[in-house]
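# Per-entry structural report
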Amino acid sequence: MMSRDEDLELTLEGVAHMEMYCLDEGTLRLVRMTWNNIFALEDSQDVGSDNREFRFASYRRFTIWQDGHQRRGNCRPIPSCCVLRIWLNFPDPFANYTGYKEAPFRVPD
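Figured I'd write up the structure that's included with this text. The shown structure was predicted, so the numbers you read here are calculated from the model rather than taken from an experiment. Each chain carries its own residue numbering, running from 1 in the direction its sequence is written. Under the rules for a predicted model, residues below a pLDDT of 70 receive no local features and side-chain atom pairs below 80 are neither given nor counted, while totals for whole chains, interfaces and linings still include all residues. Side-chain metrics in this entry use all non-hydrogen atoms of the structure; hydrogen atoms and water are not considered.

## Quick notes on the pattern of salt bridges
The rule for a salt bridge is simple: a side-chain nitrogen of Lys or Arg has to be within 4 Å of a carboxyl oxygen of Asp or Glu. Evaluation of the coordinates by the stated rule reveals four salt bridges. In this structure, R85 and E19 form a salt bridge, with 2.0 Å as the shortest nitrogen-oxygen distance. Pair noted here: R85 is in helix α5 (residues 80-89) and E19 is in helix α2 (residues 12-23), with a separation of 66 residues, a long-range link. Accessibility here uses a 1.4 Å probe with only protein chains present; expressed as a share of the type maximum, an area under 20% marks a residue as buried, one over 50% as exposed, and anything in between as partly exposed. Relative accessible area serves as the criterion here: at 25%, R85 is assigned to the partly exposed category. Residue classification places E19 among the partly exposed positions, given a relative accessible area of 32%. In this structure, the salt-bridge partner of R55 is D92, at a minimum N-O distance of 3.6 Å. With R55 in helix α4 (residues 49-67) and D92 in the segment after α5, this pair connects stretches of sequence that are 37 residues apart. Side by side, R55 and D92 carry an identical accessibility label, which is buried. Helical segments are the DSSP runs of H or I of at least four residues, strand segments are the runs of E of at least two, and each set is numbered from the N terminus.

## Some points on the nonpolar core
Throughout, nonpolar core names a set of buried Ala, Val, Leu, Ile, Met, Phe, Trp, Tyr and Cys residues whose side chains join them through atoms within 4.5 Å. In this structure, M18, C22, L23, F62, I78, I86 and F90 are the most contacted members of the largest nonpolar core, which totals 15 residues. Mapped by element, the contributors of at least two residues to this core are α2, α3 (25-39), α4 and α5. The leading source of residues in this core is α4, at five residues. When neighbours within four sequence positions are excluded, I86 is seen to be in contact with M18, L23, R55, S58 and Y59. In what follows, a contact means two residues having at least one pair of non-hydrogen atoms within 4.5 Å.

## Overview of the state of the cysteines
Cysteine sulfur atoms are paired as a disulfide whenever they come within 2.5 Å of each other. Applying the stated rule across the entire model yields zero disulfides. No disulfide involves C22; its sulfur sits 7.5 Å from the nearest other cysteine sulfur, which is in C82. What makes C22 buried here is its relative accessible area of 0%.

## What to know about the packing of aromatic side chains
Each Phe, Tyr or Trp ring (for Trp, its six-membered ring) is paired with any other whose centre lies within 6.5 Å, and the angle between the two planes then decides the class: stacked below 30 degrees, edge-to-face above 60, tilted in between. Tallying each qualifying case throughout the model produces six aromatic pairs. Judged by centre distance (6.1 Å) and plane angle (50 degrees), the rings of F56 and Y59 are tilted. Here F56 and its partner Y59 are both found in helix α4, three residues apart, which amounts to about one turn of the helix. Taking 4.2 Å as the distance between ring centres and 15 degrees as the angle between the ring planes, the aromatic pair formed by W87 and Y97 counts as stacked. Here Y97 lies in the segment after α5 and W87 lies in helix α5, a separation of ten residues in the sequence. Taken together, the ring pairs connect Y21, F62 and W65 into an aromatic cluster. Positioned above the aromatic ring of F54 is the side chain of R32, whose terminal nitrogen or guanidinium carbon lies 4.6 Å from the ring centre. It is R60 that lies over the ring of W35; its NZ or CZ is 4.0 Å from the centre. For a lysine, the NZ atom is tested; for an arginine, the CZ atom; a charge sits over a ring if that atom is within 6 Å of the ring centre and within 35 degrees of the ring normal.

Structure, rendered in C-alpha cells:
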C-alpha cells in the first residue's frame, strides 16, 4: 500500500480516485444505507442533515481507502486538503462542522 503522501499528490489519478471513492453521491448513498441498516439508524430530516451524512460517509470511505481497517489507538487524522474537498462538495448550510471524534460504536478486537 502506498503512503498517504504518495497517494494524495495532486495527480489526475489521485483526484480521480478521491472522486470515485469519497465524493460520488451514488456510492455514498449506498454506504449510508448500509451503515443505517447495520446500526438500525434512520436519516434525519433536519436542514443540512443530508450533506452532513454524506460528509461522514466520505470520511469513513477515505479512511478505509487510505488506511484499511482502523484499530483502537491506530487512528490518523484525514489530511486537511481532503477534509476541505469533502466540505466543499457537501457544505453545511450553517457552516457548522464537527472536528475529529472517536467512533461511537466499538467492535471488540
